[in-house]
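# Close look at the chain arrangement
Here is how the chains run, residue by residue.
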Amino acid sequence: MENLEGLFEQVPELVVTYGMKILLAIVIFIVGKYLSGLAKKITCKLLLKRKIDETVVSFVGNMAWALVFVFTIVATLGQIGVQTASLVAVIGAAGLAVGLALQGSLSNFASGVLMVLFRPCRVGDYVEAAGIAGTVNEITIFSTKLLTPDNKLIIAPNSAMMDGTIINYSAMDTRRVDLVIGVSYDANLADVRKILTQIVENNQYVLKDPAYTIAVAELADSSVNFVVRPWVKGSDYWPAHFELLEQIKIALDEANIGIPYPQMDLYLKETPAA
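Residues numbered from 1 in each chain as written. Predicted model: local features only at pLDDT ≥ 70, side-chain atom pairs only at ≥ 80, totals over all residues. Heavy atoms only, no water.

## Structural notes on the overall build of the protein
- Counting its regular elements, the protein contains seven helices and ten strands.
- By residue count, 28% of the 274 residues in the protein fall in the buried class.
- By sequence separation, contacts in the protein at least 24 residues apart represent 62% of the contacts at least 6 residues apart.
- Total accessible area on the protein stands at roughly 18500 Å², and carbon and sulfur atoms take up 61% of it. (Helix = DSSP H or I, 4+ residues; strand = E, 2+ residues; numbered from the N terminus. Buried < 20%, exposed > 50% of the residue type's maximum accessible area, 1.4 Å probe, protein only. Contact = heavy atoms within 4.5 Å. Areas by Shrake-Rupley, 256 points an atom, 1.4 Å probe, with all protein chains shown as cover.)

## A short note on the sheet that holds strand β3 (residues 143-147)
- Ordered in space as β4-β3-β2-β1-β5, the five strands form an open sheet in which the pairing is antiparallel. At either margin of the open sheet sits one strand with a lone partner, and together these are β4 (153-157) and β5 (167-168).
- Of the pairings in the sheet, the one linking β3 to β4 comprises five bridges and is antiparallel in character. Paired with K145 across the bridge in β4 is I155. (Pairing = 2+ DSSP bridges.)

## A look at the pattern of salt bridges
- The full count for this structure, using the stated rule, is four salt bridges.
- One salt bridge connects E138 with K145, and the closest N-O pair in it is separated by 3.5 Å.
- When the shortest N-O distance is used, the salt bridge between R176 and D178 registers 2.7 Å.
- For R176, a relative accessible area of 34% puts it in the partly exposed group. (Salt bridge = Lys/Arg side-chain N within 4 Å of Asp/Glu carboxyl O.)

## What about helix α7 (residues 237-254)?
- Here α7 spans 26 Å end to end across 18 residues, near enough to the 26 Å set by a 1.5 Å rise per residue.
- Within α7, the full set of buried residues consists of Y237, A240, H241, L244, I248, A251 and L252. Considered in projection along α7, the buried side chains sweep an arc of 115° and stay on one side of the axis. Those residues of α7 that are exposed and angled more than 90 degrees off the buried face are F242, E246 and E254.
- Where α7 is buried, its residues contact β6 (174-176), β7 (179-183), α6 (189-202) and β10 (231-233). (Expected span 1.5 Å × (residues − 1). Arc of directions from axis to C-beta.)

## Quick notes on the layout of surface pockets
- Looking at the largest pocket, its volume works out to about 260 Å³.
- If you trace the largest pocket, you find it lined by Y126, P149, Y169, S170, M172, D173, R175, G234, S235, Y237 and W238.
- Class assignment for the residues of the lining of the largest pocket results in six nonpolar, three polar and two charged. (1 Å grid on protein atoms, 1.4 Å probe; cavity = no way out; pocket = protein on both sides within 12 Å on 5 of 7 lines; lining within 4 Å. Points joined across faces, edges and corners; volume = space filled by probe spheres on them. Nonpolar A, V, L, I, M, F, W, Y, C, P; charged D, E, K, R; others polar.)

## Quick word on unusual backbone geometry
- Each neighbour pair has its own omega, and for D209 with P210 the value is 5°, a cis peptide bond.
- Mapped onto the elements of the fold, P210 is located in the loop between α6 and β8 (213-219).
- Backbone geometry places A130, a non-glycine residue, at a positive phi of 55°.
- Even without being a glycine, N256 presents a positive backbone phi close to 55°.
- Tracing the backbone through its elements, the reader meets N256 in the segment after α7.
- Here N256 falls in the exposed class, since its relative accessible area comes to 71%.

## Section: the packing of aromatic side chains
- In the structure shown here, the tally under the stated rule is five aromatic pairs.
- The interplanar angle of 10° and the centroid separation of 4.9 Å between the aromatic rings of W65 and F69 together place this pair among those described as stacked. In this pair, W65 and F69 are both assigned in helix α2 (residues 54-80), four residues apart and thus about one turn of the helix distant.
- Ring centres of Y237 and W238 lie 5.0 Å apart, and the angle between their planes is 85°; on these two criteria the pair is classed as edge-to-face.
- Residue classification places W238 among the partly exposed positions, given a relative accessible area of 48%.
- Put simply, the rings of F29, W65 and F69 touch in pairs and so form one group of aromatic residues.
- In this structure, R175 is placed above the aromatic ring of Y237, and the distance from its NZ or CZ to the ring centre is 3.7 Å. (Phe/Tyr/Trp six-rings, centres within 6.5 Å; stacked < 30°, edge-to-face > 60°. Lys NZ or Arg CZ within 6 Å of the ring centre and 35° of its normal.)

## Digging into the packing of α6 against α7
- Running from amino to carboxyl end, α6 crosses α7 at an angle of 140°, the nearest separation of the two axes being 10 Å. The two elements α6 and α7 cross, and the hand of that crossing is right-handed. Only L244, Q247, I248, A251 and L252 of α7 make contact with α6, whose side of the interface consists of I195, L196 and I199.
- Classifying every residue of the contact of α6 with α7 gives seven nonpolar, one polar and no charged. (Axes fitted to C-alpha atoms, helices over the stretch in contact; angles between N-to-C directions. Left-handed = near helix turned anticlockwise from the far one by under 90°.)

Laid out in structure tokens, this is it:
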């Protein structure tokens, strides 16, 4: 009975002591939860201003929220009286074990972060990297999704994208179309140049600036090779490429200018019957 009475006497003191700790822990938790949401909101807002892909923005925002929230949980438990040093050690050991088990994924994650920071390509760009080529459809934290011209979806690890050379065909507003046109040695080069010039100047896709180039590039084994190098908008590259080739072939045929192609002469030798 005496022990029970002593315990009842300590109740007010315990309520005051632990009640204040619990109350402060609740306040820390509420404030920390608010700050974690605020951190996510600010992070997403800053990334959206830099025109980062929405998937990456969402992931990075969630990461910011998680970091602040974990810190809030540790601070809340410490206020209650839990030994946070051991808890942090356990979390660190678990993180190390997970990191060793997921080295490849962490490498992809790090490469994804680098792609976010340096932006070698964006959604909608046509790129060539990691031995594949296609239009960037989505950039996630661990992989990049590309759509090929024949509508195949390719998912490439971010580490493979960043470890090699990335050729971005959409980074610049204009591109140069490089064509090599071979004509017969019997052709009048001045006439050929005149025909090529007319085609380039009248083509709907060719830009006036930068200036195009038409020149004799090589005296090859069976042809005189002209280079035709007009500039077009990046989005008009393939339409211009196909249309110019067709127009050049039709114009040279109408002018009776031959376009050499590989030929093989076959000689048959008759042998007397035995």
